[in-house]
Amino acid sequence: MTSRFLAACLAACVLAGCAGIAQNTPPGTAREQVLQNLGKPTATYPLPAGTRLQYSGQPSGRQVYNIDLDAAGKVVAVTQMMQPGVLNRFAGGGVTAADLQRDIGPPAMVGKVYHFPGNVWTWRWEEMGIPRLFHAYVNPQGMVERALSTDEPIRPWVSD
C-alpha cells in the first residue's frame, strides 16, 4: 500500500465520523442522548436560551461542531462551524475573543507577529478539500481587529 492510499483511507474515516455528528443528532434529541452518543464535549457554553455543547477537532482536526440545546436540554441546532459562511462573520469588527471561543472553540495555535501588538489565534479548517488556516488578530483588549484565511502549508510525511 502506498502512503497516499493510507492517507486517503484515514481522511475518509475522519470525515465519516464527523459527518455522523450532524446526521445522528436530529433536533429534539435529549442532552443525555447526545452525551451518550458523542461523549464529553470539548467545551460547554451558556447561551441566552440554553446551552452549547462544542465538539472540536482542533488542534489537529479541521472541524468544530456546535450542538445548541434549549432550556429543556433538547437539541435545536447542530452546526459545523469551520466553513466560509461562518468564518466570514468574524472578519468585521465588534467580535471579542470570548465570541470566537464560544463559536469556534479554542484555537489550534496562538502566535505573535512583529507588526501587531496582540496575539494571532489560528484554527485549522478545510475548504473544498484544501487545507486552510483561519487567523484572528486579537488585540490586547480582547477584540478581533481583523481575520483572514490562508492556505495551510503542507509538508508531506513521506515522499513518493
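This text goes with the structure placed above it.
Report on the accompanying structure. (Residues numbered from 1 in each chain as written. Predicted model: local features only at pLDDT ≥ 70, side-chain atom pairs only at ≥ 80, totals over all residues. Heavy atoms only, no water.)

1. Observations regarding the overall build of the chain
Phase 1: Scanning the chain from terminus to terminus reveals four helices and eight strands.
Phase 2: Listed N to C, the secondary structure of the chain is α-α-β-β-β-β-α-α-β-β-β-β in terms of helices and strands.
Phase 3: Counting over 160 residues, the chain shows a buried share of 38%.
Phase 4: Contacts in the chain between residues at least 24 apart in sequence constitute 34% of all its contacts with a sequence separation of at least 6.
Phase 5: On the chain, roughly 9,400 Å² of surface is accessible, and the fraction owed to carbon and sulfur atoms is 59%. (Helix = DSSP H or I, 4+ residues; strand = E, 2+ residues; numbered from the N terminus. Buried < 20%, exposed > 50% of the residue type's maximum accessible area, 1.4 Å probe, protein only. Contact = heavy atoms within 4.5 Å. Areas by Shrake-Rupley, 256 points an atom, 1.4 Å probe, with all protein chains shown as cover.)

2. Looking at the pairing of strand E6 (residues 119-127)
Phase 1: Pairing of strand E5 (residues 109-111) with E6, which is carried by three bridges, proceeds in the antiparallel orientation. Among the inter-strand pairings, Met109 is bridged to a residue of E6, identified as Thr122.
Phase 2: Relative to strand E7 (residues 130-138), E6 runs antiparallel, the two being bridged by nine bridges. Considered in E7, the bridge of Trp121 is made with Ala136. (Pairing = 2+ DSSP bridges.)

3. Some remarks on the nonpolar core
Phase 1: Membership of the largest hydrophobic core comes to 18 residues, with the highest contact counts inside it found for Met82, Phe90, Leu100, Ile104, Trp123 and Phe134.
Phase 2: The set of elements that each furnish at least two residues to this core consists of helix H3 (84-87), helix H4 (97-104), E6, E7 and strand E8 (144-151).
Phase 3: Filtering out sequence-adjacent residues up to four positions away, Phe134 remains in contact with Leu87, Phe90, Ile104, Trp121, Thr122, Trp123, Trp125, Ala147, Leu148 and Ser149.
Phase 4: In this structure, Ile21, Leu53, Tyr65 and Ile67 belong to the second largest nonpolar core, which totals eight residues. (Core = buried A, V, L, I, M, F, W, Y, C linked by side-chain atoms within 4.5 Å.)

4. Brief notes about the side chain of Glu152
Phase 1: Considering the arrangement of structural elements, one finds Glu152 in the segment after E8.
Phase 2: The class for Glu152 is buried, based on a relative accessible area of 13%.
Phase 3: Among the polar contacts made by the side chain of Glu152, one reaches the side chain of Arg62 at a distance of 2.7 Å. (Polar contact = N/O pair within 3.5 Å; in protein donor to acceptor, adjacent residues only side chain to side chain.)

5. Concerning the pairing of strand E1 (residues 43-47)
Phase 1: The pairing of E1 with strand E2 (residues 50-56) spans five bridges and is classified as antiparallel. Bridging across to E2, Thr44 finds its partner in Leu53.
Phase 2: Joining the antiparallel neighbours E1 and E2 is a turn of two residues.

6. Looking at H4
Phase 1: Looking at H4, one finds that the buried residues are Ala97, Asp99, Leu100, Asp103 and Ile104. Buried residues of H4 fall within an arc of 155° about the axis and therefore sit on the same side.
Phase 2: The inward-facing, buried residues of H4 abut E2, strand E3 (64-70), H3, E6, E7 and E8.
Phase 3: Count one or two residues on from H4 and you reach Gly105, which has phi positive near 80°. (Arc of directions from axis to C-beta.)

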